[in-house]
Amino acid sequence: MPRFAEVALPVPLDRTFTYAVNGVTPVIGARVLVPFSGQRLMGVVMRVHDEQPQDDFEIKSIQQVLDDAQLLPDELLKLAEWIAQYYVAPLGEVLRGMLPLSAEVKRDIFYRIAEQGRRVLYEGAEKGSSRRSKLSPEDQNREYAVLNYLESGEAAKLTTLRSATAAGKPLLEGMVRKKWLTREVVARERDARRLEKWATLVPDARIPKLNENQQLLMAELAAAGGRMRVSDLRDAASIREAKVPDSTLATLVKREIVRIDEEPESFYYGGVHATGKKHAHEHALNEKQTEAFAGIAVALAAGGFKPHLLYGVTGSGKTAVYFAAMQRALQAGKSSLLLVPEIGLTPAMAAQMFAAFGDTMALLHSQLTPDERAEQWHRIRRGEAKVVVGTRSAVFAPVQNLGLILVDEEHDSSYKQEETPRYHARDTAVMRAKLLNIPVVLGSATPSLESWSNAQKDRYTLLTMDERVSNRPLPAVELVDMRAEFRETGSDHIFSRALITETQAALDRGEQVIILLNRRGYSYVVMCRACGEKIECENCAIAMTLHKPVVGADLHAHAGERLECHYCGFRRNVPKTCPKCESEYLYYFGAGSQQGEERLQEIFPGARIGRMDRDTVRSRMDMERMLARLHSGEINLLVGTQMIAKGHDIHGVTLVGVVGCDHALGLPDFRAAERVFQLLTQVSGRAGRGDTPGRVVVQTYHPDHYAIRFAAQHDYLGFVDKEMQFRRWMHYPPFTALSNVVLQSERLEEVMAWSVQLGKWFASRSISGLRVLGPAAAPITRIKRIYRYHFVLKAEKRAVLNRSLYAMLAQAEAIGAPRRQIGIDVDALHLM
């Protein structure tokens, strides 16, 4: 029997850890609970062996084996190792992202007083507090209350400390950083099955005399056929009106008149679909769709790794091709995996999938509860789901007998993870298909330049659908020069005269209108006109956004208004005077979607207006309700952020307005033009998808910019040729491999010192084929009180980039820069 196991743990260290096998030998790919640095962590076994470790330290034992069988198959373990190597990410953190099973392990946080904390407590008792602190007097008192509570040396749970001292987790974590407390995490297994209770009348039960509340419950159960969910029973109108206590049901159970059973809770797949509209699988494929499907079908029949790029204009029917391909895979006895970029696309896709595949489908996305994710994951692993649809992390779904992977809207930046491990789900899907030796299809109306380059180099097979279904025309696009608009009207307005006129005409014809205003909130800059000071977040180097609670409220009343940071979530009241010079002349710049909605209500009082952004759509049910109202025609004028631009197929929409989209062209990001072109093309594609031709009105201050012009002409190939020239000249992807390296610290002098030292190290190395830009302050210098400096690395060969990053990490360790404070983003999509 092997004596040792190599375990990958979710910690920011690029290695596995050796533990002694204690009794049961775990299988490779199983989860285990192990002690680590005062905590009890869940890890994944990568190897078992008999090799005695050379290091001279005590080998700790595995405390618990959570899985009898291999939880992650070999192909996913290989994929995890590839991600760790390619994206220079700790293997344990990659595996944590692969296993959405946090619901099955309960983690409790304990705190214990440290020696430094004990000294502070005693000094405070003898001399009183003389510490200089940024904390308020109340928080300083809470710190002493925590130290007093923990003085005995016993550990206390986070919840216990919170109730005893009113100290929240941020305060306690600050005390850990000051080494006043130590933090321990204890993990244990828990049952994550979703069960619901049913109340059932016991047949032939002897009924004693019942009081009024008991009679009401019995009558409600009898009316429901003798069986009812306990939650529905308690919510019944008669029960609520009579205020029947929960103890009444317990009494009936105790008397054996009613029985309580626990059964698996049903899963809500959701979905939105327009009444009378055919599902994607019910459409007969047209000529272009048939040609694209034939290419995929040949690859399925032949077997083997074969990547395809499906380039189809908006409204060309790519979804119908996906469904035909998945049905062909099912006929061949294979399973399929479909990735969509955001939860916003999932309700519509879920409805289509459930109509086509019924209970053989599974759903994975971030809006599921932990228990729901675990349930769906296990269904997939058991082979009960043959078709899986999900967002980014669904690329790791343990699909059995997987034969086809499809990535819808492959260009979308939502596929890129913004935290460690910073993988790209599209590229990970391609690698998974390669490991499994199966076809993969990437679909988009605006393919990323990387995917297009791969198609031009014959690494991907290009499939083209250049016509809309039923030969519907692409929408006509009108550019409105907002500079000329200002000259002619003498004032600055959110909406141009042309957009207002077109919107009124569409509403008069009984049609629907979508207006993209890609900024949340009411106004995105608050500035003092006396001194020029912007009101910034106290945690981030970014202007705060004004939010108003009620549409139509007086902007200058300040009642219920708030300023909010969209990076850390910090909120504050709107000040009456400038915090710097105390001037009363505060001015609000820039219009967000909330202000857009307010102005539209003023201009079109008879319109049925809705708003779709992160403030109105916070859950999957919010999204479903909004889309249902749009499909039914209850909303005929929708304003919102880029959420409205992605994949929605609303046949009543004939006009799309675009407001303020081109501000992104001024961002310090080499992908800015590509992003603007893609957004304009995608939102334009929402118009004219029914029988009535569509129109698009684009308001812009840059009507001559090539991204705007080519988007207005629906000329993807023209844009690609132009953008590729700039990328080639400036040595940016797809002509080089790129990584953004961000150094982070709460102390500005510390992060600057690390940056200077690593900058000198790069300069002294002169690595052939590597270009290093920086160090420099990141465009957003501080986020969540963390200062940020960065390097941008560009290499002609990916191997050179990878070796340089690992060498840099070794040097960072030598100068004392912790691994957790170095963010490495390989193939970065954003440099902010």
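> Please set out the overall build of the protein residue by residue, giving values where relevant.
Within the protein, the regular secondary structure consists of 25 helices and 33 strands. In terms of overall dimensions, the protein is globule-like: its C-alpha atoms have a radius of gyration of 30 Å, near the 28 Å expected for 832 residues. Over its C-alpha atoms, taken along the principal directions, the protein stretches across nearly 85 × 75 × 70 Å. Classification of the 832 residues of the protein by burial places 53% in the buried group.

> Which residues make up unusual backbone geometry, and what are the values?
Backbone phi values are negative for most residues with the exception of glycine, while trans is the configuration of most peptide bonds. Cis rather than trans, the peptide bond between threonine 420 and proline 421 has omega equal to 0 degrees. Inspection of the secondary structure assignment puts proline 421 in the loop between strand S16 (402–407) and helix H15 (425–436). One non-glycine residue, glutamate 256, lies in positive phi territory at about 65 degrees. With respect to the secondary-structure elements, glutamate 256 resides in the loop between helix H10 (246–254) and strand S11 (258–264). Notably, glutamate 582 is not glycine yet its phi reads approximately 65 degrees, a positive angle. Mapping glutamate 582 onto the fold places it in the loop between strand S24 (571–573) and strand S25 (586–589). Judged by its relative accessible area of 62%, glutamate 582 is exposed.

> If you had to explain the packing of aromatic side chains to someone new, which residues and values would you point to?
For the coordinates displayed, the defined rule picks out 18 aromatic pairs. Look at phenylalanine 323 and phenylalanine 357: their rings are 5.8 Å apart centre to centre, the planes differ by 20 degrees, and that puts the pair in the stacked class. Taken together, the residues span a long stretch of sequence, with phenylalanine 323 in helix H12 (residues 318–331) and phenylalanine 357 in helix H13 (residues 346–357) at a distance of 34 residues. Judged by relative accessible area, phenylalanine 323 falls into the buried class, the value being 0%.

> Kindly report on helix H1 (residues 74–86), identifying the contributing residues and their values.
In a regular helix each residue adds 1.5 Å, so 13 residues correspond to 18 Å; H1 covers 18 Å between its end C-alpha atoms and thus fits that length. Turning to H1, its buried residues are Glu75, Leu76, Leu77, Leu79, Ala80, Ile83, Ala84 and Tyr86.

> If you had to explain the packing of H1 against H15 to someone new, which residues and values would you point to?
Running from N to C, H1 and H15 point in directions that differ by 135 degrees, and their axes come no closer than 10 Å. When the axis of H1 is compared with that of H15, the two are oblique. Note that H1 runs across H15; the crossing there is right-handed. The segment H1 lies against H15, with Glu75, Leu76, Lys78, Leu79, Trp82 and Ile83 engaging Asp427, Thr428, Met431, Arg432, Leu435 and Leu436. In the contact of H1 with H15, the residues fall into seven nonpolar, one polar and four charged.

> Mind laying out the nonpolar core, listing which residues take part and the relevant values?
Core analysis: the biggest nonpolar cluster contains 114 residues, and Leu95, Leu339, Met612, Val658, Met808 and Ile822 have the highest contact counts within it. Broken down by element, the residue count for this core peaks at seven residues, all from H1. Those residues within four positions of leucine 95 in sequence are excluded, and the remaining contacts are Ala8, Val44, Met46, Leu72, Leu77 and Ala80. Ranked by size, the runner-up nonpolar core spans 30 residues in total, among them Phe293, Ala297, Ala329 and Val387.

> Run through helix H16 (residues 449–456), naming residues and quoting values.
Of all eight residues making up H16, seven are buried, and the element is well covered by its neighbours. Those residues of H16 that sit buried are Leu449, Glu450, Ser451, Trp452, Ser453, Asn454 and Ala455. Of the surrounding elements, those touching the buried residues of H16 are strand S12 (306–312), H15, strand S17 (439–444), strand S18 (461–465), helix H21 (672–684) and helix H23 (716–730).

> Explain the environment of glycine 333 to me, and be specific about the residues and the numbers.
On the secondary structure map, glycine 333 appears in the loop between H12 and strand S13 (335–339). Spatially, the C-alpha atom of glycine 333 lies 9.4 Å from that of leucine 402, the residues being 69 residues apart in sequence.

Conventions and cut-offs
Residues numbered from 1 in each chain as written. Predicted model: local features only at pLDDT ≥ 70, side-chain atom pairs only at ≥ 80, totals over all residues. Heavy atoms only, no water. Helix = DSSP H or I, 4+ residues; strand = E, 2+ residues; numbered from the N terminus. Rg over C-alpha atoms; globule rule 2.2 N^0.38 Å. Buried < 20%, exposed > 50% of the residue type's maximum accessible area, 1.4 Å probe, protein only. Phe/Tyr/Trp six-rings, centres within 6.5 Å; stacked < 30°, edge-to-face > 60°. Expected span 1.5 Å × (residues − 1). Axes fitted to C-alpha atoms, helices over the stretch in contact; angles between N-to-C directions. Parallel < 35°, antiparallel > 145°, perpendicular 65-115°, else oblique. Left-handed = near helix turned anticlockwise from the far one by under 90°. Contact = heavy atoms within 4.5 Å. Nonpolar A, V, L, I, M, F, W, Y, C, P; charged D, E, K, R; others polar. Core = buried A, V, L, I, M, F, W, Y, C linked by side-chain atoms within 4.5 Å.

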